[in-house]
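# Survey of secondary and tertiary structure
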Amino acid sequence: QRILEAAATEFAHRGFAAAGVDRIAARAHLNKAMIYYHFHGKQDLYRVVLRTVFSAMGDLLHNITTSTVTPAEKLDQFVAAFVREGQARPHFAPIILREVAEGGRRLDEETYTLMFRIVRSMTSIIEEGTAAGQFGAVDPFLLYLTTVWPVMVYLATEPIRRTIARVAHLDAARIEPDRFIRHLQTLNRRAVGAPDTGSHVR
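Residues numbered from 1 in each chain as written. Predicted model: local features only at pLDDT ≥ 70, side-chain atom pairs only at ≥ 80, totals over all residues. Heavy atoms only, no water.

Assigned secondary structure in the protein consists of 10 helices and 0 strands. Helices and strands appear in the protein in the N-to-C order α-α-α-α-α-α-α-α-α-α. Counting only C-alpha atoms and orienting by the principal axes, one finds that the protein spans roughly 55 × 45 × 30 Å. For the protein, the residues scored as buried account for 46% of the 202 residues in total. A sequence separation of at least 24 residues applies to 68% of the contacts in the protein between residues at least 6 apart. A total of about 10,500 Å² of accessible surface is found on the protein, and carbon and sulfur atoms cover 57% of it. Across the protein, the centroid of the 25 positively charged side chains sits 6 Å from that of the 21 negatively charged ones. (Helix = DSSP H or I, 4+ residues; strand = E, 2+ residues; numbered from the N terminus. Buried < 20%, exposed > 50% of the residue type's maximum accessible area, 1.4 Å probe, protein only. Contact = heavy atoms within 4.5 Å. Areas by Shrake-Rupley, 256 points an atom, 1.4 Å probe, with all protein chains shown as cover. Lys, Arg positive; Asp, Glu negative; His and termini not counted. Charge placed at Lys NZ, Arg CZ, Asp CG, Glu CD.)

A few words now on the packing of helix H5 (residues 71-88) against helix H8 (residues 140-156). When two helices pack together, their arrangement is given by the angle between their axes and by how far apart the axes lie. In contact at an axis separation of 10 Å, H5 and H8 are set at 30° when each is read in the N-to-C sense. Looking at the two axes, H5 sits roughly parallel to H8. Between H5 and H8 lies a crossing of right-handed hand. Taking contact as the criterion, the partners of Leu75, Phe78, Val79, Phe82, Val83, Gly86 and Gln87 in H5 are, on H8, Leu143, Thr147, Val148, Val151, Met152 and Leu155. Among the residues making up the contact of H5 with H8, the classes are represented as 10 nonpolar, 3 polar and no charged. (Axes fitted to C-alpha atoms, helices over the stretch in contact; angles between N-to-C directions. Parallel < 35°, antiparallel > 145°, perpendicular 65-115°, else oblique. Left-handed = near helix turned anticlockwise from the far one by under 90°. Nonpolar A, V, L, I, M, F, W, Y, C, P; charged D, E, K, R; others polar.)

With the rule as written, the count across this model stands at 7 aromatic pairs. Taking the centre distance of 5.1 Å and the plane angle of 70° together, the rings of phenylalanine 16 and tyrosine 46 count as edge-to-face. Remark: tyrosine 46 occurs in helix H4 (residues 42-65) and phenylalanine 16 occurs in helix H1 (residues 2-18); sequence separation between them is 30 residues. A single burial state applies to phenylalanine 16 and to tyrosine 46, both of which are buried. Ring geometry for tyrosine 154 and phenylalanine 180: centres 4.0 Å apart, planes at 5°, overall stacked. (Phe/Tyr/Trp six-rings, centres within 6.5 Å; stacked < 30°, edge-to-face > 60°.)

Residues Ile160, Ile164 and Leu170 make up a contiguous nonpolar surface patch of about 260 Å² in total accessible area. Residue leucine 170 is classed as partly exposed on the basis of its relative accessible area of 35%. (Patch = residues over 30% accessible without salt bridge, like charges linked within 9 Å, V, L, I, M, F, W, Y side chains within 5 Å. Salt bridge = Lys/Arg side-chain N within 4 Å of Asp/Glu carboxyl O.)

A few words now on the nonpolar core. Phe11, Leu45 and Phe82 are the most contacted members of the largest nonpolar core, which totals 56 residues. Elements represented by at least two residues in this core include exactly H1, helix H2 (21-28), H4, H5, helix H6 (92-101), helix H7 (109-131), H8 and helix H10 (177-192). Ranked by residues supplied to this core, first place goes to H4 with 9 residues. Beyond its immediate stretch of four places on either side in the chain, phenylalanine 82 contacts Met57, Leu61, Phe92, Ile118, Val148, Val151 and Met152. (Core = buried A, V, L, I, M, F, W, Y, C linked by side-chain atoms within 4.5 Å.)

This part covers the packing of H1 against H4. Where H1 contacts H4, the two axes come as close as 10 Å, and the packing angle between them is 105°. Between H1 and H4, the angle falls in the class roughly perpendicular. Contacts between H1 and H4 involve Ile3, Leu4, Ala7, Ala8, Phe11, Phe16 and Ala17 from the former and Lys42, Gln43, Leu45, Tyr46, Val48, Val49 and Thr52 from the latter. Along the lines of polarity and charge, the residues of the contact of H1 with H4 split into 11 nonpolar, 2 polar and 1 charged.

This part covers the side chain of histidine 91. Checked against the element boundaries, histidine 91 lands in the loop between H5 and H6. Accessibility expressed as a relative area gives 17% for histidine 91, which makes it buried. If we skip the residues at most four places from it in the chain, histidine 91 touches Ala8, Thr9, Ala12, Val49 and Val53.

Right, let's talk about the environment of glutamate 99 for a bit. Locating glutamate 99 in the fold gives a position in helix H6. Along the chain, glutamate 99 and phenylalanine 11 lie 88 residues apart, while their C-alpha atoms are 10 Å from each other.

The tally for this structure, following the rule as stated, stands at 1 cavity of 30 Å³ or more. Counted as a void, the largest cavity has a volume near 30 Å³. In terms of lining residues, the largest cavity is bounded by Phe11, Gly15, Phe16, Tyr46, Ile95, Arg98, Glu99, Glu102 and Arg106. Sorting the residues of the lining of the largest cavity by element identifies H1 and H6 as the ones contributing at least two each. (1 Å grid on protein atoms, 1.4 Å probe; cavity = no way out; pocket = protein on both sides within 12 Å on 5 of 7 lines; lining within 4 Å. Points joined across faces, edges and corners; volume = space filled by probe spheres on them.)

Right, here's the structure in full:
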């Protein structure tokens, strides 16, 4: 766990290419040999970091899809859970955005399979709402894209948002997570044609 946490921080700050096993070992307060004992190398370690996140998020979101609340409430909870989990793992968004910029060339099939569990959670919510006549026609995958990627950008740009708010003299409350979550929940309810109760956020 110490190695994974140290590696996540190093990959988030420097990217895969510039990340060093020596620095990861130093962050973890371990001998570098211990990293190679537990992992085959830097790429294996990188993939395990991502798989750990995707697995945890996949479990969390799957639990939402199997709950007894309405599909619209599940959609709200999906947004809130994704943002909250991303906040709890500050390394996640920077790593993923770097990987996207580089074409995902270090992701393997196992990692993609875990990533797809998140997509499937969104898809099942939309399919349930549509089948129940509570949602209108909407492409689940496109809704997934327009939900998840704004969240990733939001999470990764926290320092930039703070600076913009200060320079532009914006009320800091306008960029707080709860307000962002509520905004995205409202947009998603409009996209699927579900009533907007105005409460949202969990």
